[in-house]
Amino acid sequence: IEPLADIEHKPGRTKYTCGPVVFIEAEAGGTLADHVHPEPETLWIISGKGKMQVGKKTYDFEGPCILTVSGNIYHKFLPITDVNFIEQRHAAGNA
């Protein structure tokens, strides 16, 4: 059993980090992940719905579902309802 390495509270979300995996509770109406990073990532949406902007396109999602984002691509996560999800970044080229 590996203990949680970090619990971070910020306005609009709580983030629980354990190794390479992060569990996030995102509140409705916020903006998360308004950024670019070199690693590809997978988001396992457990519950909730929202929009995910990837590059210039915006996609609607509703959990349960899986979202994947390639590395070096601008993306923004917009929860419409409260959203619970697991995020994992992968080494470049290993999504």
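Before reading on, note that the structure itself is shown above.
Note that the coordinates shown come from a computational prediction; the quantities given were computed from them, not determined experimentally.

Draft legend 1. Region of the structure containing the environment of K49. Its place among the elements puts K49 in strand β6 (residues 49–54). Judged by its relative accessible area of 37%, K49 is partly exposed. Those residues in contact with K49, other than ones at most four positions away along the chain, are F61, E62, P79, I80, T81 and V83.

Draft legend 2. Structural view of the pattern of salt bridges. This model, assessed by the stated rule, comprises 5 salt bridges. In this structure, the salt-bridge partner of K10 is E8, at a minimum N-O distance of 3.5 Å. One salt bridge in this structure joins K51 and D60, with 2.6 Å as the shortest N-O distance. Each of the salt bridges in this network shares a partner with another, and the network as a whole consists of E8, K10 and R13.

Draft legend 3. View of the packing of aromatic side chains. Under the counting rule described, the total for this entry stands at 3 aromatic pairs. A centroid spacing of 4.7 Å and a plane angle of 35° characterise the contact between F77 and F85, whose relative ring orientation is tilted. Given a relative accessible area of 2%, F85 falls into the buried group. Here a set of aromatic residues connected by ring pairs shows up, and it is made of F61, F77 and F85.

Draft legend 4. Molecular detail of the sheet that holds strand β3 (residues 21–26). As summarised here, the arrangement of the 6 strands in space is β1-β2-β3-β10-β5-β8, forming an open sheet in which the pairing is antiparallel. Edge strands, defined here as strands with exactly one partner in the open sheet, are β1 (6–10) and β8 (65–69). With direction set aside, neighbouring strand axes in the sheet form an average angle of 20°.

Draft legend 5. Representation of the nonpolar core. Core analysis: the largest hydrophobic core is formed by 13 residues, its most contacted members being I45, F77 and F85. Sorting elements by how many residues they give to this core places β3 first, with 3 residues.

Draft legend 6. Structural detail: the side chain of E41. Structurally, E41 can be placed in strand β5 (residues 41–47). Of the polar contacts made by the side chain of E41, one reaches the side chain of H75; its length is 2.9 Å. Setting aside residues up to four positions removed in sequence, E41 forms contacts with L67, T68, V69, H75, E87, Q88, R89 and H90.

Draft legend 7. Representation of the pairing of β3 within the structure. Covered by surrounding structure in β3 are V22, I24 and A26 only, the residues V21, F23 and E25 on the alternate face being uncovered. The turn joining strand β2 (residues 13–18) and β3, which pair antiparallel and follow one another in sequence, is formed by 2 residues; a positive phi near 65° is taken by G19. Relative to strand β10 (residues 83–89), β3 is paired through 6 bridges, and the arrangement is antiparallel. Looking across to β10, one finds that V22 is bridged to E87.

Thresholds, definitions, all that
- Residues numbered from 1 in each chain as written.
- Predicted model: local features only at pLDDT ≥ 70, side-chain atom pairs only at ≥ 80, totals over all residues.
- Heavy atoms only, no water.
- Helix = DSSP H or I, 4+ residues; strand = E, 2+ residues; numbered from the N terminus.
- Buried < 20%, exposed > 50% of the residue type's maximum accessible area, 1.4 Å probe, protein only.
- Contact = heavy atoms within 4.5 Å.
- Salt bridge = Lys/Arg side-chain N within 4 Å of Asp/Glu carboxyl O.
- Phe/Tyr/Trp six-rings, centres within 6.5 Å; stacked < 30°, edge-to-face > 60°.
- Pairing = 2+ DSSP bridges.
- Axes fitted to C-alpha atoms, helices over the stretch in contact; angles between N-to-C directions.
- Core = buried A, V, L, I, M, F, W, Y, C linked by side-chain atoms within 4.5 Å.
- Polar contact = N/O pair within 3.5 Å; in protein donor to acceptor, adjacent residues only side chain to side chain.

Worth remembering: the numbers are spatial, not functional.
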